[in-house]
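# Remarks on the overall topology
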Amino acid sequence: MGSTSSMVKTWFAALLVMLSIVGATPSLVFAQEGSEAYIYQTGDYNQGTIQQQASASWAQIYQLGSDNEAYTYQSGESNWTLQAQIGSTNRAWAGLAGSSNSVLQTQLGDGNLLFAWQSGSNNVLIQNQIGSDNAAAAWITGSSNSVTQIQLGTAHVSRVAVFGTANNVHHIQFGYNSVLELMHIGDNATISAVRFGY
């Protein structure tokens, strides 16, 4: 029974990763009244922390493996965070301040690092890494911004900063050792990038 439950949870996390890669993430559902926080961990030496100073918000940490760390901070109202890590020595940090912001962070592999900070309202961030030793960071300030960072392979680095309203920034990196650094200040921009590193 335990083995079946573990397989279902593993497939669910893998499904979230794949859905977010193709842009088909499930619609975000917010807590209707009080805030909700859930942590599920299996393996050794994992650490998960959720700090909520928010109303009507939802946060979940899912970790399968060993030596993983995840931290979520939420303030404001109607914020949503999901962090899923499968592997070992992965790190994920998400901070949300404001209202109706959403963060999805997924990592499959070893030694990956994710950082996210959002302030404002109605921002959406999706960060996915499959592989090892990848690092991604995003800073979003403003409202109605959408950012996607996807890295597949080894030793990629992505740093994205967006300041403004109604911007769309999406990029994906394949292979290994690619570096993308982007800062945008302004409104109503669409920026897309695909990079291959070898």
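Rules used in this analysis
Residues numbered from 1 in each chain as written. Predicted model: local features only at pLDDT ≥ 70, side-chain atom pairs only at ≥ 80, totals over all residues. Heavy atoms only, no water. Helix = DSSP H or I, 4+ residues; strand = E, 2+ residues; numbered from the N terminus. Buried < 20%, exposed > 50% of the residue type's maximum accessible area, 1.4 Å probe, protein only. Polar contact = N/O pair within 3.5 Å; in protein donor to acceptor, adjacent residues only side chain to side chain. Core = buried A, V, L, I, M, F, W, Y, C linked by side-chain atoms within 4.5 Å. Contact = heavy atoms within 4.5 Å. Pairing = 2+ DSSP bridges. Axes fitted to C-alpha atoms, helices over the stretch in contact; angles between N-to-C directions. Phe/Tyr/Trp six-rings, centres within 6.5 Å; stacked < 30°, edge-to-face > 60°. pLDDT = per-residue confidence, 0-100.

### Quick look at the environment of Thr148
Of note, Thr148 is situated in strand 11 (residues 146–154). Overall, Thr148 belongs to the buried group, its relative accessible area being 14%. As for Thr148 and His170, which are separated by 22 residues in sequence, their C-alpha atoms are 4.6 Å apart. A distance of 2.9 Å separates polar atoms of two side chains, one belonging to Thr148 and the other to His170.

### Here's the deal with the nonpolar core
Most often, soluble globular proteins keep nonpolar side chains buried together rather than apart. Within the largest apolar cluster, twelve residues are counted, these being Ala94, Leu96, Val103, Ala116, Leu125, Ala138, Ile140, Val147, Val160, Val162, Val169 and Leu180. Sorting the residues of this core by element identifies strand 6 (91–99), strand 10 (135–143) and strand 12 (157–165) as the ones contributing at least two each. Apart from the residues lying within four places of it in its own chain, the contact partners of Ile140 are Trp117, Gln118, Ser119, Asn123, Val124, Leu125, Asn145, Val147 and Val162. Core analysis: the next-biggest nonpolar cluster, separate from the first, contains five residues, Trp58, Trp80, Leu82 and Leu104 among them.

### Here we look at the pairing of strand 7 (residues 102–110)
By the criterion of burial, strand 7 is predominantly enclosed, with seven of the nine residues buried. Here nine bridges tie strand 5 (residues 80–88) to strand 7, and the two strands are oriented parallel to one another. Residue Gly87 lies in a different strand from strand 7, and its bridge partner there is Gly109. In the sheet, strand 7 pairs with strand 9 (residues 124–132) via nine bridges, with the strands oriented parallel. Residue Asp110 lies in a different strand from strand 9, and its bridge partner there is Ser132.

### A closer look at the sheet that holds strand 6
With parallel pairing, seven strands are arranged side by side in an open sheet as 2-4-6-8-10-12-14. If you trace the sheet from one side to the other, it starts and ends with strand 2 (47–55) and strand 14 (179–185), each paired once. Looking at each pair of strands side by side, their axes are set apart by 0° on average, direction ignored. Bridge count for strand 10 against strand 12 is nine bridges, and the pairing is parallel. Following the sheet pairing, Ala135 is matched in strand 12 by Val157.

### Some thoughts on the packing of aromatic side chains
Counted according to the given criterion, the structure contains nine aromatic pairs. Ring centres of Trp58 and Trp80 lie 5.4 Å apart, and the angle between their planes is 15°; on these two criteria the pair is classed as stacked. With Trp58 in strand 3 (residues 58–66) and Trp80 in strand 5, this pair connects stretches of sequence that are 22 residues apart. There is no split in this pair, since Trp58 and Trp80 are both buried. Judged by centre distance (5.4 Å) and plane angle (45°), the ring pair of Phe115 and Trp139 falls under tilted. Here Trp139 lies in strand 10 and Phe115 lies in strand 8 (residues 113–121), a separation of 24 residues in the sequence. These aromatic residues form a ring-pair network of at least three members: Tyr71, Trp93, Phe115, Trp117 and Trp139.

### What to know about the confidence of the model for the chain
Mean pLDDT over the chain: 88, with 83% of residues reaching 70 or higher. The secondary structure element of the chain with the lowest average pLDDT is helix 1 (residues 2–21), at 48, and the one with the highest is strand 12, at 98. This stretch, residues 21–31, has a pLDDT under 50; its non-local contacts, to residues over four places away or in other chains, come to 26 contacts.

### Digging into unusual backbone geometry
The backbone of Thr89 sits at a positive phi, close to 50°, despite the residue not being glycine. Mapped onto the fold, Thr89 is located in the loop between strand 5 and strand 6. Positive phi outside glycine occurs at Ala155, with the angle close to 60°. Relative to the helices and strands, Ala155 is located in the loop between strand 11 and strand 12.

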